[in-house]
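Breakdown of the fold
Listed below are the residues making up each chain.
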Amino acid sequence: MRLVRIDIFNMAKKTKVKKEEKVPKDAYNPTGKELEVRELLDDRLPILKQARKSILNDGTGGFDFDQLMKDADREYVPHNLKKKTTTSSVYLEADEILGIRGSRIVAITGKEGNEWRSDISEPTLFVKINTALSILMQQNPEATFKSILDKYKKTSNLAKSIWKRSWDLACSREQMQHFIHNLAKYGWAPGRTYPRLVKREKEVLTELDTDNPENNKYDTRTIVDFNDVWREALDPHRTWIDDMANMTDPWSLNDWYFEKDFSEDQFDEEFKNYKNYSHILPSAPHRESETEVTDLNDETKYRDDVVTLGFYENRQKDLYSIYCPKDKVILYHGPLPNDEGMLTYWDAVWNIRDPRTRFGIGLFEILKNDKVMYDRWDNMTTDQLIMAVYKMLFYSGPLVAGDGVIRIEPGVAKQKLPGTTIDVVDVKFEPKAFEWLDRRRERIDENTGITPTLQGQVEGKTLGEVLHAKDAALKRLNIPLANIAYAIEKDAYLTLSWANQVYSLPEVMEFTDEKQLNEFIEETGRDWESLVLQPNGSMSVDFPRSLDLSLDEDREGNLIESPEERFFVVGQDIQKKALKWKGRITVKAQSIVAPSQELERQRKLELYNLVSPVVGAITQAMAMGQYTVALGMAKPVVQILEIQDEKPENWLPDEVVQMLENPELAKQAEAQMQMQMQQEQPLFVDPNAPPPEPAPAGAMPGAPSNVAPQAQKVGPMPNNPLKNSVSGIKAGQTRSLQY
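Next up on the list: the overall build of the chain. In terms of regular secondary structure, the chain is built from 17 helices and 20 strands. For the chain, the proportion of its 739 residues judged to be buried stands at 36%. The long-range fraction of contacts in the chain, counting pairs at least 24 apart against all pairs at least 6 apart in sequence, stands at 69%. Accessible area for the chain stands at about 46,100 Å²; split by element, carbon and sulfur atoms hold 53% of it.

Structure follows, in structure tokens:
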């Protein structure tokens, strides 16, 4: 076969001509406080961005966290070790016999002669992170709310229900999965909780003209997609925190900054009412340097209708600012929007790198060195196996036509020319190489804590063995779990603070006319609080907040948790001051771990077999009036249920749960039972009196007997009536105990 190398064409790099930038009508000249804010941002933002490139600088340049995140991104996506050569050069490979008719186009890759070499990169980071995601945050977290003041005790259930409602309404589980994905990959992840309003204008058809569709009439209505508290997983690449923030002081983080891209339509919808809106012009997405453009695809890079905005918060200065880094324009500045002066920021680390920094250590940094060795040995073993199977040959003898290369084909016999000798390069394969690979894989599992047990491998035959194996595997994740739970706790405090601030205010809606308002009231059943009529006939109407909460009221009017949801109107069903709550929130770390359905079923069956006999004894004691005894038997059951993360109200009778919350009820019930028994039992009873006539067989208790009543025969009065009365009381007590 003869090879002919021909350059056919060269691909020209696509370049798009940028549109001429628009110039605002008047120049931006900030003064006063606005100028001070811009000067602050011009000085502060470069410090925030550069501090992450040199963490814990000990004289050797420090640690570049930005570079680590880029390396982690490349390693996470499944790929080959050798990058493909991006070249347009090709050549024609012509067949010696068929000539040009048997030719084919082959790209020049620079790997000619080495295509057989293995360059596989095991997607270990991808597998580990997705294993962690399959275990963590597969259900909404559970938490306990404990008030710090007595006046907040009655509203603890209300605060808890508002927090749980926020998780369901804002689809927060998906956001937390993104948060944990970043956390496991980089070792640090930021998040934000804030009130969010997403709305848009929609033309709604009101009159249809089938003959002349251009005469159709429409009403402009505002569609509100979301209007509540929103929690968001931020992009770690575009979020920068205080360079003095550390792990030991929770108040060490004083300021932070992040950037987001908005399309021109989004920018107009959300920010058109701001004073300096006209000074910001859409353009291509803004990045400080070319190395920061890796998060954009090729089409987005050349768009000219994007606005990049930065958001800055400073706790000590009580400052919140919206900033355009490209145009150096302060779109807005003012005090922090949270009434309690809280930053909207929260974060977590996977593993602590050093208490002096908030940038932790993730799975990529833990396994990257072992991963290099594993890939190298894996590819070497594969190459050795190929060489052992496909032998390399050297031959000598008469010259043959072509390039002198003999290709081996299985199942084909060819005649050897006279005088030809063949030498075989015998490469022996070492089977023990796979043992070394297994040891290296086990080392990666041990270092990361994501073991085969967590990946689905079952160890043990009995339920106890399986549970112990899973519990032992999860212990390695206790630290990341606790860090995630702490981040959720910080978010919970923010959520309740925003809920108090947002839900206390009415929800403002715009209507074009009275008919549209009446249709909305008829559809939703909500009553308006106040109404403002605009000059154009439209109306701005305030509606009190209506919250769907998993709450109910007990006999005393206190709010208690309920499996069913009810709608509560703020200001009517719930007082506005009841929205404010102060206390301690403790998130149960194990509540975010996904349980195995089969293991959960077996666990509950075993727990039922353990608790059911005690519950039966408690029920029998209560039927006998021994409420204190029943309460005493219930206390150890509560401890067992709490260890299993079960709620006692789901396993114990409602009366017992009430007595556990208020032990005085047991004493009152016993006293009431004794008084009732004493009233039914006469003071003097003749022990010689015959027992009452039994009811006929099959008759209901208390039903009248068909037997005619007979006069009671009273025997002679004993000499000691006091002794007889005591005996009668004892007999009555004995009969009551035997009931």
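After that view of the structure, there is still more to cover.
A surface patch of nonpolar side chains, amounting to about 370 Å² of accessible area, comprises L393, I408, I422 and V424. By secondary structure assignment, the location of I408 is in the loop between strand 13 (392–396) and strand 14 (421–425).

Looking at the chain as a whole, its pLDDT mean stands at 81, while 80% of the residues score no less than 70. Across the chain, element-level confidence peaks in strand 12 (residues 345–349) with a mean pLDDT of 97 and bottoms out in helix 17 (residues 721–737) with 35. Note that residues 1–20 has pLDDT below 50 and, in this model, 30 contacts with residues that lie over four places away or in other chains. In this model, residues 697–739 is a region of pLDDT below 50 whose contacts with residues beyond four sequence positions or in other chains number 19 contacts.

Once that is clear, we can look at the sheet that holds strand 12. Read across the open sheet, the three strands follow the order 6-5-12; overall the sheet is antiparallel. Unpaired on one side and paired on the other, strand 6 (217–233) and strand 12 mark the two borders of the sheet. Across the sheet, the mean angle from the axis of one strand to that of its neighbour is 30°, orientation sign disregarded. Of the strand pairs in this sheet, strand 5 (residues 188–207) and strand 12 are connected by five bridges, and their pairing is antiparallel. Opposite P190, over in strand 12, you have D347 as the bridge partner.

The subject of this paragraph is the packing of aromatic side chains. Scanning the entire structure with this criterion turns up 25 aromatic pairs. Their ring planes at 85° and their centres at 5.4 Å tell us that F262 and F271 sit as a pair that is edge-to-face. For F271, a relative accessible area of 5% gives the class buried. Ring centres of F520 and F543 lie 5.2 Å apart, and the angle between their planes is 65°; this geometry places the pair in the edge-to-face category. You can see F520 sitting in helix 12 (residues 514–524) and its partner F543 sitting in strand 17 (residues 539–543), a full 23 residues away along the chain.

A separate point is the sheet that holds strand 9 (residues 306–314). As summarised here, the arrangement of the five strands in space is 7-8-9-10-11, forming an open sheet in which the pairing is antiparallel. Two strands lie at the open edges of the sheet, namely strand 7 (239–241) and strand 11 (329–334), each paired on one side alone. Averaged over neighbouring strand pairs, the angle between their axes works out to 15° when direction is ignored. The sheet contacts of helix 1 (residues 32–51) involve strand 7, strand 8 (255–263), strand 9, strand 10 (319–324) and strand 11, and relative to strand 10 the element is tilted by about 80°. Strands strand 8, strand 9, strand 10 and strand 11 of the sheet are contacted by helix 6 (residues 264–271), whose axis makes an angle of about 120° with strand 8.

Turning to a negative patch on the surface, a few remarks are in order. A grouping of E36, E39, D42 and D43 is seen on the molecular surface, where their side chains present a negatively charged patch. Relative to the elements of secondary structure, E39 occurs in helix 1.

So, on to the nonpolar core. Formed by 102 residues in total, the largest nonpolar core has its most connected members in F179, L309, W350 and I488. Counting 18 residues, the second-largest nonpolar core is a separate cluster that includes A630, L652, V657 and M659.

Given a rise of 1.5 Å per residue, 26 residues ought to cover 38 Å, and the 36 Å separating the end C-alpha atoms of helix 11 (residues 478–503) matches this to within 8%. Extensive coverage of helix 11 is indicated by the burial of 20 of its 26 residues.

Conventions used here
- Residues numbered from 1 in each chain as written.
- Predicted model: local features only at pLDDT ≥ 70, side-chain atom pairs only at ≥ 80, totals over all residues.
- Heavy atoms only, no water.
- Helix = DSSP H or I, 4+ residues; strand = E, 2+ residues; numbered from the N terminus.
- Buried < 20%, exposed > 50% of the residue type's maximum accessible area, 1.4 Å probe, protein only.
- Contact = heavy atoms within 4.5 Å.
- Areas by Shrake-Rupley, 256 points an atom, 1.4 Å probe, with all protein chains shown as cover.
- Patch = residues over 30% accessible without salt bridge, like charges linked within 9 Å, V, L, I, M, F, W, Y side chains within 5 Å.
- Salt bridge = Lys/Arg side-chain N within 4 Å of Asp/Glu carboxyl O.
- pLDDT = per-residue confidence, 0-100.
- Pairing = 2+ DSSP bridges.
- Axes fitted to C-alpha atoms, helices over the stretch in contact; angles between N-to-C directions.
- Phe/Tyr/Trp six-rings, centres within 6.5 Å; stacked < 30°, edge-to-face > 60°.
- Lys, Arg positive; Asp, Glu negative; His and termini not counted.
- Charge placed at Lys NZ, Arg CZ, Asp CG, Glu CD.
- Core = buried A, V, L, I, M, F, W, Y, C linked by side-chain atoms within 4.5 Å.
- Expected span 1.5 Å × (residues − 1).

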